[in-house]
Amino acid sequence: MATVVLLTFTGLGLGALYFLIASGLSLIFGLMDVLNFAHGALLSVGAYGTWWAASGRLPGAGPGGAGFVLAAVFGTAVGTVAAVLLEVAVIRPLYTRPREQILATVGVGLAVPALLSAIWGADPRPLAGPKALSGTFGLLGAEVPLNRPVLIAAAVLVLAALKAFLGRTRHGLVVRAGVEDRAMVTALGIDVRKAFTLVFAIGGAAAALGGALGGLYFGSVDPGQGTSLLIFAFVVVVTGGMGSLTGAALASVAVGLVQQFANYYTTAGLGDVAVVVLLAALLLIRPRGLTGRLA
Amino acid sequence: MTLATQPHDRARTTHPCPATRSERLRRATRWWPAPVLLALFAVPYSALPLPGLLDGPIGGPGNLQLLALCLLSGGLATGYDLLLGRTGLLSFGHALYFAAGTYVTDILMLEAGLSFTASALLGLLAGVALSALLGAVSLRVGGIGFSMVTLAFAQAASLLVQRDPGGVTGGEEGRAAPAGRLPASLVGIEHTADLYWIALAYLVVTLAVVGWAVRSPTGRVWAGIKENERRVEVLGLRPYGFKLVAFVLAGTLAALGGIVYLLLTGGATPRTTTSDFTLSLLVMVVLGGSGTRWGPMIGGILYTWADQRLGDLAGSGAVAALPPVIRVPLSQPLFLLGALFVAVIYLLPGGVARLPARLRSRSPATR
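Being a predicted model, the structure only gives us computed values, none of them experimental. (Residues numbered from 1 in each chain as written. Chains lettered and ligands numbered in written order. Predicted model: local features only at pLDDT ≥ 70, side-chain atom pairs only at ≥ 80, totals over all residues. Heavy atoms only, no water.)

Visitor: Let's hear about the overall build of chain B: which residues, and what values?
Guide: Along chain B, the regular secondary structure elements total 17 helices and two strands. The buried share of chain B, reckoned over its 367 residues, is 45%. In chain B, 73% of the contacts between residues at least 6 apart in sequence involve partners at least 24 apart. Accessible area for chain B stands at about 17,700 Å²; split by element, carbon and sulfur atoms hold 66% of it. (Helix = DSSP H or I, 4+ residues; strand = E, 2+ residues; numbered from the N terminus. Buried < 20%, exposed > 50% of the residue type's maximum accessible area, 1.4 Å probe, protein only. Contact = heavy atoms within 4.5 Å. Areas by Shrake-Rupley, 256 points an atom, 1.4 Å probe, with all protein chains shown as cover.)

Visitor: Tell me about the overall build of chain A, residues and numbers included.
Guide: Each helix and strand counted, chain A has 12 helices and four strands in total. A compact globule built from 295 residues would reach a C-alpha radius of gyration of about 19 Å, and chain A, at 19 Å, matches this within 12%. Overall, the C-alpha framework of chain A stretches about 60 × 50 × 35 Å when taken along its three principal axes. Here chain A holds 295 residues, and 55% of them are scored as buried. Within chain A, counting contacts between residues at least 6 apart in sequence, those at least 24 apart form 75% of the total. Carbon together with sulfur atoms contributes 69% to the accessible area of chain A, which is approximately 11,600 Å² in total. Of the side-chain charges in chain A, 17 are positive and 10 negative, and the distance between the mean point of each set is 6 Å. (Rg over C-alpha atoms; globule rule 2.2 N^0.38 Å. Lys, Arg positive; Asp, Glu negative; His and termini not counted. Charge placed at Lys NZ, Arg CZ, Asp CG, Glu CD.)

Visitor: Explain the UniProt feature "transmembrane region" (unreviewed entry) in chain B to me, using residue names and the numbers behind them.
Guide: The positions UniProt marks with the feature "transmembrane region" (unreviewed entry) are residues 31–52, 64–83, 95–114, 120–139, 195–214, 244–264, 276–295 and 334–357 of chain B. A distance of 29 Å separates the end C-alpha atoms of residues 334–357 of chain B, which is 71% helix and 0% strand. (UniProt positions renumbered as here; feature names shortened; annotations may be inferred.)

Visitor: Go over the interface of chain B and chain A, please, and point to the residues and values.
Guide: Across the boundary between the two partners, chain B contributes 38 residues, which contact 41 residues of chain A. When chain B packs against chain A, the two sides together hide about 3,500 Å² of surface, and 81% of this comes from carbon and sulfur. Taken as a group, Arg 140, Met 148 and Tyr 346 of chain B account for 18% of the area that chain B buries against chain A, more than any other trio of residues on that side. Applying the counting criterion to the chain B and chain A interface returns zero salt bridges. The interface formed by chain B and chain A holds two residue pairs in polar contact (both at pLDDT 80 or more) in total. Taken together, the elements giving at least two residues each to the side of chain B that touches chain A come down to α7 (143–163), α12 (275–288), α15 (324–330) and α16 (333–347) of chain B. (Buried area = accessible area lost by both parts, 1.4 Å probe. Salt bridge = Lys/Arg side-chain N within 4 Å of Asp/Glu carboxyl O. Polar contact = N/O pair within 3.5 Å; in protein donor to acceptor, adjacent residues only side chain to side chain.)

Visitor: I'd like a description of a nonpolar patch on the surface, backed by residues and values.
Guide: Residues and elements named next belong to chain A. A contiguous nonpolar surface patch, about 330 Å² in accessible area, is contributed by Met 1, Leu 139 and Leu 140. If you trace the backbone, Leu 140 turns up in the loop between β2 (136–139) and β3 (142–145). Of the residues examined, Leu 140 reaches a relative accessible area of 60% and is grouped as exposed. (Patch = residues over 30% accessible without salt bridge, like charges linked within 9 Å, V, L, I, M, F, W, Y side chains within 5 Å.)

Visitor: Tell me what's going on with the packing of aromatic side chains, and back it up with residues and numbers.
Guide: Taken as a whole and judged by the stated rule, the model has 11 aromatic pairs over all chains. Plain terms: the ring middles of Tyr 97 of chain B and Phe 247 of chain B are 5.5 Å apart, the flat faces sit at 80 degrees to each other, and that makes the pair edge-to-face. Linking Tyr 97 of chain B in helix α5 (residues 94–112) with Phe 247 of chain B in helix α11 (residues 239–265), this pair joins segments that are 150 residues apart in sequence. When sorted by exposure, Tyr 97 of chain B lands in the same class as Phe 247 of chain B, which is buried. Counting every residue linked through ring pairs, the aromatic cluster contains Phe 37 and Phe 234 of chain A together with Phe 92 of chain B. (Phe/Tyr/Trp six-rings, centres within 6.5 Å; stacked < 30°, edge-to-face > 60°.)

Visitor: Pulling in residues and values, what's your account of the packing of helix α10 (residues 225–240) of chain A against helix α11 (residues 245–265) of chain A?
Guide: Residues and elements named next belong to chain A. As a packed pair, α10 and α11 sit with axes 8 Å apart at the nearest point and diverge in direction by 125 degrees. The orientation of α10 relative to α11 falls into the category oblique. Both α10 and α11 take part in a crossing whose hand is right-handed. Contact with α10, carried on its side by Phe 232, Val 235, Val 236, Thr 239 and Gly 240, involves Gly 247, Ala 248, Ala 251, Ser 252, Val 255 and Gln 259 of α11 and no other residues of that element. Residue composition of the contact of α10 with α11, by class: six nonpolar, five polar and no charged. (Axes fitted to C-alpha atoms, helices over the stretch in contact; angles between N-to-C directions. Parallel < 35°, antiparallel > 145°, perpendicular 65-115°, else oblique. Left-handed = near helix turned anticlockwise from the far one by under 90°. Nonpolar A, V, L, I, M, F, W, Y, C, P; charged D, E, K, R; others polar.)

Visitor: How would you explain helix α9 (residues 217–227) of chain B if you had to name every residue and give the values?
Guide: Residues and elements named next belong to chain B. Among the residues making up α9, those that are buried are Gly 219, Val 221, Trp 222 and Ile 225. Along the axis of α9, the buried positions cluster into a sector of 155 degrees, meaning they face one direction only. Residues of α9 that are exposed and angled more than 90 degrees away from the buried face: Pro 217, Arg 220 and Glu 227. On its buried face, α9 is in contact with α4 (61–87), α8 (192–215), α10 (229–234) and α11. (Arc of directions from axis to C-beta.)

Set out below in structure tokens:
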């Protein structure tokens, strides 16, 4: 029982991390038809921003308590700025060439982790985090690390905030309508391009927050972290149905749990393969993903 | 498509004089690949130094190895462009089929004790089977979903190779090919020329196969799929089968390239299974010019050469003396290549292959 509880929490924590990346990816793809290969780089930027602030270089921020919250906020802000910069400087000039948009994000996705490892080295940098989060708590005989529930809570909060934003605000309405039919929204006289930047900012913020919390989860930050998480986020996005936020949430929970349980009960590493095999099986049965959205 | 270009063609033929002159010029230059091929064939006999481009004489073993890798990349990029530039399929899992050729051949020689020829044939077969199987699944999703699914498959295979199941793949280290099982004329530094010729042959074979395939009736359907898949369906053709043929052909060419790579580097490394490897193929194709005959080859050669030379540059004393703001990014070849890639997309749409046409179209305007 203790093992199952621990695995469930770890799987859900990993799923929360996937969701933080996949939600932005899914929204960006749904609205702009751009598969953002630089999304993993945004996560790495957020992670390094947090690490940089938490190691005492930012006044007020530090590894403990409120200092770490400030560091995470700083990391998220840096990631958001990077995302907006990416949209304005790289994606926007290529609006008429959708294929090139994807290729440009591939280039950025290669260059940014390389730049990070050029500046701070390719080796992982330990990120301790506050003492209050480094402990464990007992539940049904299992010692669950505290950072798992924190990650899950953050993902649930992000999901609720995104749902509220999409469902209750005018900007959210434009984004939802744009995902449905971009040409129609443009024809109605609404400038969808403003929504593009907005969606990139939201996606970047979520990914950077994922980077900050992922640093806690893994205990360190390294330049390749974002890219390796990105691939499972892709699996989540395809499984959940592209452009669907609820689908991404469901799929990230499923992927995280399957990965953890398969990794524990079979050979290590088989869980990662099992996820991809499940994806293939799902595509054979339902080519449009869990929620049946158009690919 | 053809209807739209007809008036343009007619307009050109109404001026007979420049047309015939350009026709004559074209006929004379039509065979330009032949002397280039001959020159490439003769490279191992040459001691010509190319200062700045290469260290030492061009026919030296180190340079031959680099040139062979360049030619191999040229061939690989040409095969990859069969998907990207000819059929419009953006696959992110091409490394998988390349690695299948390398790893299956290597493992069969090591574990099953088969001869090189038998192992290579089975390795090629593995590439065909794998690309047919995974292509059949991933082509069920269209557009960008296809890209993600191919990426997921390749990533799963890459993880599997790095976990080293049963000690077969050698994990992070990779596995060296057994020198005893390889033909004697392909082993050792004194036989680098043979390996160079094999790489050259691979490039020629790939160019020929791709050239032949895109001019075949199937190739015309590929072009149609790239332009507008829905219209191909309306014509009564099922794009799925055609796309699968392109995928399997590209996968087979990649597996063949993997076998050449095994000979060239004397082993299998997990680096070739990663998504970074596929991305580098993508960079090569876009750099050279997607959908053109020579573009991907030029891109592959340029990329591999630049990758090697930038690595040397990063380790050189001239860079170490620079201020940190310039030195730090320069020390990462991947950063330079990523930045170069983005720059090519902006400044050079269509890649290097379209450069002459762009210059030509620009010069009358400036006059």
